[in-house]
Amino acid sequence: MAHQEPRTVTTGEIPTQAQSRRAIPARYVFFFLVFLMYAISYGDRAALSIALPTMGREFSLTPVQMGWVSSSFLWSYFLLNLPSTILLDMVGARAIGSLAVGVWSFAMLLGGMAQNITQFLFTRVLLGVGEAPTFGVGATVVRNWAQPRERGSVMTILLTGMQLGLAGGTIAGAYLITFFGWRCEFMTLGGIGIAWALAWWLIYRNPKETSDAPRRKPISIREIRNLFRSSSFVGILVVQCTQNYLNFLVMSWMPLYLIHELHINITGTGNSTALCYLVAAVGAVIIGRVLEHLVFRNGIHPPHRRFVVATCLFGAATIGLLPHFHTMTPILLVLSGALACLMAANGANTALLTDMVQDGRKMGSVTGVTLTCSNSLGLLSPILTGYIVSWTGSFDMAWYMCALALIIAALLSLAMVRAPIRMDEHAA
């Protein structure tokens, strides 16, 4: 098939039963570690959102300033998405995974020691440096070790680690802040990340290249240009940008939104936010599996995964209903349902990218290009939301904007994602 890569590396597609018995346990350990990496990453990001009310009082921050602080890790994160994933393709996921998580965990430890907002902003920028190749590492591991028919399900399950991290980081952070202060929260989470980095270095192994495999070369400007000539890549990119905007909005502002709407304290906010994330994680797996079963019941055809993506985006657009509710139960139901659909869309869209890209050896770099673009938009999300709240006194306009954007992205995915994504000189 056109979308399959040359077999120059050993991947998860194991040809014999004996090999399968040996390889499957190892690859599932790798998948589990990637799941934990996503959970730690988003737990560290959630640490700021739940600490922001307390930090805002300590550092005398306005809503607009809180928006800028929330976005600060993205300043370096989106700038380094592509360079870090180019290095990932050349060096491999083992070294880059350990280095990345080690750097951002060290940044968390420093964040807990910051004595003023300037010092704290520096640690957030360092956190972005470490987190830059995170999703490139995950996409590379899935491309190397997952069977084509299971990539969507594997990717969705792995990405629920984000929700678990947000839930765990939020609820643990709420209680750590209540009893020990926000600095203890940051330092505890940093220690967990350093332990993961060590485990990844000891356990993970990059696939072995065959003796005739060509030397790895970094992605070229011409290849990047050819990516943007592919309507399929552009369709996938639009979805990534849109879901990323809502993801960063919720991650940065949901605790303050719940405080604003429901008038609850930090621990109450932490419990409510964690509940939303946990329900969303379970819902995302169920939604993704059911839709993939329906779409692929007559056989695997990678472009058809766009129907899963579009359906989930339409479901995520229910976030636009939030302004019509002002009590806890309906707000939590809408948030949980929309986040579940958003996560399922993210998993399906990421799997769609891994399926459609012809040269899987540069999967990390392609993911880096995608994240550079999507995170440049995600960078604006907490900032723009801060201005919206400051100008209007509510979050309503932010939710309406996201709902409309998700619907447009779903329609574009359906229309544009059809042909394999090629980066060579013959790409159209």
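- Under an unreviewed UniProt entry, the name given to the chain is MFS transporter, and the source organism is Novacetimonas pomaceti.

A closer look at the overall build of the chain
Alright, step 1. In terms of helices and strands, the chain carries 15 helices and zero strands.
Alright, step 2. Its C-alpha radius of gyration of 21 Å places the chain within 12% of the 22 Å reference for a compact globule of 428 residues.
Alright, step 3. Seen through its principal axes, the chain has C-alpha atoms that stretch 60 × 40 × 40 Å.
Alright, step 4. Residues counted as buried form 59% of the 428 residues belonging to the chain.
Alright, step 5. Within the chain, contacts between residues at least 6 apart in sequence are counted, and of these 86% link residues at least 24 apart.

Considering the environment of Trp 201
Alright, step 1. For Trp 201, the location among the structural elements is in helix 7 (residues 182-203).
Alright, step 2. Spatially, the C-alpha atom of Trp 201 lies 38 Å from that of Val 295, the residues being 94 residues apart in sequence.
Alright, step 3. Look past the residues within four positions of Trp 201 in its chain and what remains in contact with it is Arg 94, Ala 95 and Ser 98.

What to know about the packing of aromatic side chains
Alright, step 1. With the rule as written, the count across this model stands at 19 aromatic pairs.
Alright, step 2. Aromatic pair Phe 59 and Trp 182: ring centres 6.2 Å apart, planes at 70 degrees, arrangement edge-to-face. Of the two residues, Phe 59 sits in helix 1 (residues 17-59) while Trp 182 sits in helix 7, which places them 123 residues apart along the sequence.
Alright, step 3. Overall, the relative accessible area of 3% leaves Trp 182 in the buried class.
Alright, step 4. Centroid distance Phe 395 to Trp 399: 6.4 Å. Interplanar angle 25 degrees. Geometry classified as stacked. The pair formed by Phe 395 and Trp 399 is uniform in burial state, with each residue classed as buried.

Things to note about a nonpolar patch on the surface
Alright, step 1. A surface patch of nonpolar side chains, amounting to about 470 Å² of accessible area, comprises Val 29, Leu 198, Trp 201, Leu 202 and Ile 203.
Alright, step 2. The element best represented in the nonpolar patch is helix 7, accounting for four residues.
Alright, step 3. On the basis of relative accessibility, which here comes to 39%, the residue Trp 201 falls in the partly exposed class.

Brief notes about the side chain of Asn 81
Alright, step 1. Of note, Asn 81 is situated in helix 2 (residues 63-91).
Alright, step 2. Dropping the residues within four chain positions of it, Asn 81 is found in contact with Ala 132, Gly 368, Leu 371, Thr 372 and Asn 375.

Re the pattern of salt bridges
Alright, step 1. Per the stated rule, a full pass over the model turns up three salt bridges.
Alright, step 2. Put simply, Arg 183 and Glu 58 hold a salt bridge, and the shortest N to O gap is 2.8 Å. On the criterion of sequence distance, the pair formed by Arg 183 in helix 7 and Glu 58 in helix 1 is long-range, its members being 125 residues apart.
Alright, step 3. On the basis of relative accessibility, which here comes to 22%, the residue Arg 183 falls in the partly exposed class.
Alright, step 4. Judged by its relative accessible area of 40%, Glu 58 is partly exposed.
Alright, step 5. Ionic pairing is found between Arg 305 and Asp 355, a salt bridge with its closest N-O pair at 2.7 Å. Of the two residues, Arg 305 is situated in helix 11 (residues 305-316) and Asp 355 in helix 12 (residues 328-356); the sequence distance between them amounts to 50 residues. Just as Arg 305 is buried, Asp 355 falls in that class too.

Some thoughts on unusual backbone geometry
Alright, step 1. The phi torsion at Ser 60 lies on the positive side, around 55 degrees, for a residue other than glycine.
Alright, step 2. One can find Ser 60 in the loop between helix 1 and helix 2.
Alright, step 3. Taking relative accessible area as the criterion, Ser 60 reaches 58% and is therefore assigned exposed.

Considering helix 12
Alright, step 1. For helix 12, which comprises 29 residues, the first-to-last C-alpha distance of 42 Å matches the rise-based estimate of 42 Å (1.5 Å per residue) to within 8%.
Alright, step 2. Within helix 12, 24 of the 29 residues are buried, which leaves it mostly tucked inside the rest of the structure.

Thoughts on helix 13 (residues 363-378)
Alright, step 1. Here helix 13 spans 21 Å end to end across 16 residues, near enough to the 22 Å set by a 1.5 Å rise per residue.
Alright, step 2. Most of helix 13 is tucked away: 12 of the 16 residues are buried.
Alright, step 3. Taken together, the buried positions of helix 13 are Met 363, Gly 364, Ser 365, Val 366, Thr 367, Gly 368, Val 369, Thr 370, Leu 371, Ser 374, Asn 375 and Gly 378.
Alright, step 4. Where helix 13 is buried, its residues touch helix 2, helix 5 (134-145), helix 8 (221-229), helix 9 (231-262), helix 12 and helix 14 (380-392).

A few points about the confidence of the model for the chain
Alright, step 1. Averaged over all residues, the pLDDT of the chain equals 83, while 91% of them reach at least 70.
Alright, step 2. In the predicted structure, residues 1-23 sits below a pLDDT of 50 and forms 40 contacts with residues beyond four places in sequence or in another chain.

Quick word on the packing of helix 2 against helix 5
Alright, step 1. Orientation of helix 2 relative to helix 5, taken along the N-to-C sense of each, is 35 degrees, at an axis distance of 8 Å. Every pair of crossing elements has a handedness; the one defined by helix 2 and helix 5 is right-handed. Mapping the contact onto sequence places Tyr 77, Thr 85, Leu 88 and Asp 89 in helix 2 and Phe 135, Gly 136, Val 137 and Thr 140 in helix 5.
Alright, step 2. By residue class, the composition of the contact of helix 2 with helix 5 is four nonpolar, three polar and one charged.

Some points on the side chain of Arg 305
Alright, step 1. The exposure class of Arg 305 is buried, given its relative accessible area of 1%.
Alright, step 2. In this structure Arg 305 touches Pro 148, Gly 152, Glu 292, Phe 296, Ala 348, Ala 351, Leu 352 and Asp 355, once residues within four positions along its chain are discounted.

Here's the deal with the packing of helix 13 against helix 14
Alright, step 1. Two elements in contact, helix 13 and helix 14, have axes separated by 5 Å at closest approach and are oriented at 15 degrees. Between helix 13 and helix 14, the angle is such that the two are roughly parallel. Listed contacts from helix 14 to Ser 376, Leu 377 and Gly 378 of helix 13 are Leu 380, Ser 381 and Pro 382.
Alright, step 2. When its residues are assigned to classes, the contact of helix 13 with helix 14 shows three nonpolar, three polar and no charged.

Scoring rules and cut-offs
Sequence order as written defines residue numbering, which begins from 1 separately in each chain. Selection of residues for local features in this predicted model requires a pLDDT of at least 70, selection of side-chain atom pairs for listing and counting requires 80 or more, and totals for whole chains, interfaces and linings are taken over all residues. The basis for every side-chain value is the complete set of heavy atoms in the structure, and neither hydrogens nor water enter the calculation. Under the DSSP-based scheme used, a helix requires at least four consecutive residues in state H or I and a strand at least two consecutive residues in state E, with every element numbered from the N terminus. Our radius of gyration looks at C-alpha atoms and nothing else; its globule reference is 2.2 Å times the residue count to the power 0.38. Between buried and exposed lies partly exposed: a residue is buried under 20% and exposed over 50% of the maximum accessible area for its type, with that area taken using a 1.4 Å probe on protein chains only. When checking whether two residues touch, look at their non-hydrogen atoms; a contact exists if any pair is within 4.5 Å. Pairs were defined over the aromatic rings of Phe, Tyr and Trp, the Trp ring being its six-membered one, requiring ring centres within 6.5 Å. Orientation was assigned from the angle between planes: stacked under 30 degrees, edge-to-face over 60, tilted for the rest. Within the patch definition used here, like charges are joined within 9 Å and nonpolar side chains (Val, Leu, Ile, Met, Phe, Trp, Tyr) within 5 Å, considering only residues with over 30% relative accessible area and no salt bridge. In this description, accessible areas are obtained by the Shrake-Rupley approach with a 1.4 Å probe, and a residue is regarded as covered only by the protein chains that are shown. Salt bridges are identified by distance alone: a Lys or Arg side-chain nitrogen within 4 Å of an Asp or Glu carboxyl oxygen. To estimate the expected span of a helix, subtract one from its residue number and multiply by 1.5 Å. On a range of 0 to 100, pLDDT expresses the predictor's confidence in each residue. Convention adopted: a line fitted to C-alpha atoms gives each axis, helices being fitted over their contacting stretch, and angles between N-to-C directions are expressed from 0 to 180 degrees. By convention, the crossing between two helices is left-handed when the near helix turns anticlockwise from the far helix through less than a right angle, and right-handed when the turn is clockwise. Residue polarity follows a fixed list, in which Ala, Val, Leu, Ile, Met, Phe, Trp, Tyr, Cys and Pro are nonpolar, Asp, Glu, Lys and Arg are charged, and the others, Gly among them, are polar. Any angle from 65 to 115 degrees is called roughly perpendicular, while one under 35 is roughly parallel, one over 145 is roughly antiparallel, and all others are oblique.

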